[in-house]
Amino acid sequence: MSPGIHRPEEAWIRTLLDGGPRSEPRSRHTTWAYLGEIQPVLLEWSSRYDHLREVTREDIIAARDAVTGKQRESRIVALRSLFRHAKKNGQIFRNPTIRIPVPRQVSAYGSTCTAAYG
């Protein structure tokens, strides 16, 4: 993985596991689930880009649309977390995950889920 992608990812994982000045630590399960969800995406981006700064909104949408169902939701939540952390720590200048919707899932009973992620 390119250093410009690996360093922000590593800092994000450490913050998830250990917490930070303004964030509580996440469970190991949550941290590894996030990482497992976006690791293939980061590896693919690493073959094209040298830094997380180069990732575009279109790249995020393509990563989201490459999967379906619950995995789609999990992927965008993890990417939002990574990019929010990188922006907050000055590793990127803009967050390409802003305002990217996650299509609502339809339950077995025909209604849409009411939880929104942002």
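That block above? That's the structure.
Please read these numbers as outputs of a predicted model, since none were measured by experiment. (Residues numbered from 1 in each chain as written. Predicted model: local features only at pLDDT ≥ 70, side-chain atom pairs only at ≥ 80, totals over all residues. Heavy atoms only, no water.)

Trainee: How do you make sense of the overall build of the protein chain when you look at a structure like this?
Mentor: Helix and strand counts for the protein chain stand at four helices and zero strands. Seen in sequence order, the protein chain has helices and strands lined up from the N terminus as α-α-α-α. Counting only residues that meet the buried cut, the protein chain has 38% of its 118 residues in that class. The contacts of the protein chain with a sequence gap of at least 6 include a subset with a gap of at least 24, amounting to 59%. Split by element, the accessible area of the protein chain, about 7300 Å² in all, is 53% carbon and sulfur. (Helix = DSSP H or I, 4+ residues; strand = E, 2+ residues; numbered from the N terminus. Buried < 20%, exposed > 50% of the residue type's maximum accessible area, 1.4 Å probe, protein only. Contact = heavy atoms within 4.5 Å. Areas by Shrake-Rupley, 256 points an atom, 1.4 Å probe, with all protein chains shown as cover.)

Trainee: Can you help me understand the environment of Trp32 in this one?
Mentor: Relative to the helices and strands, Trp32 is located in helix H2 (residues 28-46). Expressed as a C-alpha distance, the spacing of Trp32 and Ile13, which sit 19 residues apart in the sequence, is 8.6 Å. Aside from chain neighbours lying at most four places away, what touches Trp32 is Ile13 and Leu17.

Trainee: When you look at H2 in this model, what are you seeing that I'm missing?
Mentor: Since the α-helix advances by 3.6 residues per turn, residues separated by three or four positions end up pointing in the same direction. Under the 1.5 Å per step criterion, the end-to-end length of H2 is 25 Å for 19 residues, consistent within 8% with the ideal 27 Å. The largest bend along H2 measures about 40 degrees and falls at Ile38, with the proline Pro40 one to four residues further on. Residues of H2 that are buried: Thr31, Leu35, Glu37, Ile38, Val41, Leu42, Trp45 and Ser46. Elements that come into contact with the buried residues of H2 comprise helix H1 (3-18), helix H3 (57-65) and helix H4 (69-88). (Expected span 1.5 Å × (residues − 1). Bend = angle between axes of the 7 residues up to and from the residue.)

Trainee: I tried to follow the pattern of salt bridges on my own but got confused; where do I start?
Mentor: Should the charged atoms of two oppositely charged side chains come close, the side chains can pair. Using the criterion set out here, one finds seven salt bridges in the structure. Where Arg64 meets Asp65, a salt bridge forms, and the shortest distance between an N and an O atom there is 2.8 Å. Exposure remark for Arg64: the relative accessible area of 10% places this residue in the buried category. With its nearest N and O atoms 3.7 Å apart, the salt bridge here joins Asp65 to Arg72. Several salt bridges share partner residues, and in doing so they unite Glu44, Arg48 and Asp59 into one network. (Salt bridge = Lys/Arg side-chain N within 4 Å of Asp/Glu carboxyl O.)

Trainee: When you look at H3 in this model, what are you seeing that I'm missing?
Mentor: Within H3, the full set of buried residues consists of Asp59, Ile60, Ala63 and Arg64. An end-on view of H3 places all buried positions within 135 degrees of arc, on one side of the element. For H3, the secondary structure elements touched by its buried residues are H2 and H4. (Arc of directions from axis to C-beta.)

Trainee: Honestly, the packing of H1 against H4 in this entry has me stumped. Any pointers?
Mentor: Angle between the axes and distance between the axes are the two parameters that describe a pair of packed helices. Running from N to C, H1 and H4 cross one another at 105 degrees; their axes reach a closest spacing of 9 Å. Taken together, the axes of H1 and H4 lie roughly perpendicular to each other. Judged by residue contacts, Pro8, Glu9, Ala11, Trp12, Thr15 and Leu16 of H1 engage Ala78, Ser81, Leu82 and His85 from H4. For the contact of H1 with H4, the class distribution of residues is six nonpolar, three polar and one charged. (Axes fitted to C-alpha atoms, helices over the stretch in contact; angles between N-to-C directions. Parallel < 35°, antiparallel > 145°, perpendicular 65-115°, else oblique. Nonpolar A, V, L, I, M, F, W, Y, C, P; charged D, E, K, R; others polar.)

Trainee: Help me understand the nonpolar core in this model?
Mentor: Note on soluble globular proteins: their nonpolar side chains tend to be buried together. Trp45, Leu52, Ile60 and Phe83 are the most contacted members of the largest nonpolar core, which has 22 residues in total. If you list the elements that add at least two residues to this core, you get H1, H2, H3 and H4. Here the element with the most residues in this core is H4; it accounts for six residues. (Core = buried A, V, L, I, M, F, W, Y, C linked by side-chain atoms within 4.5 Å.)

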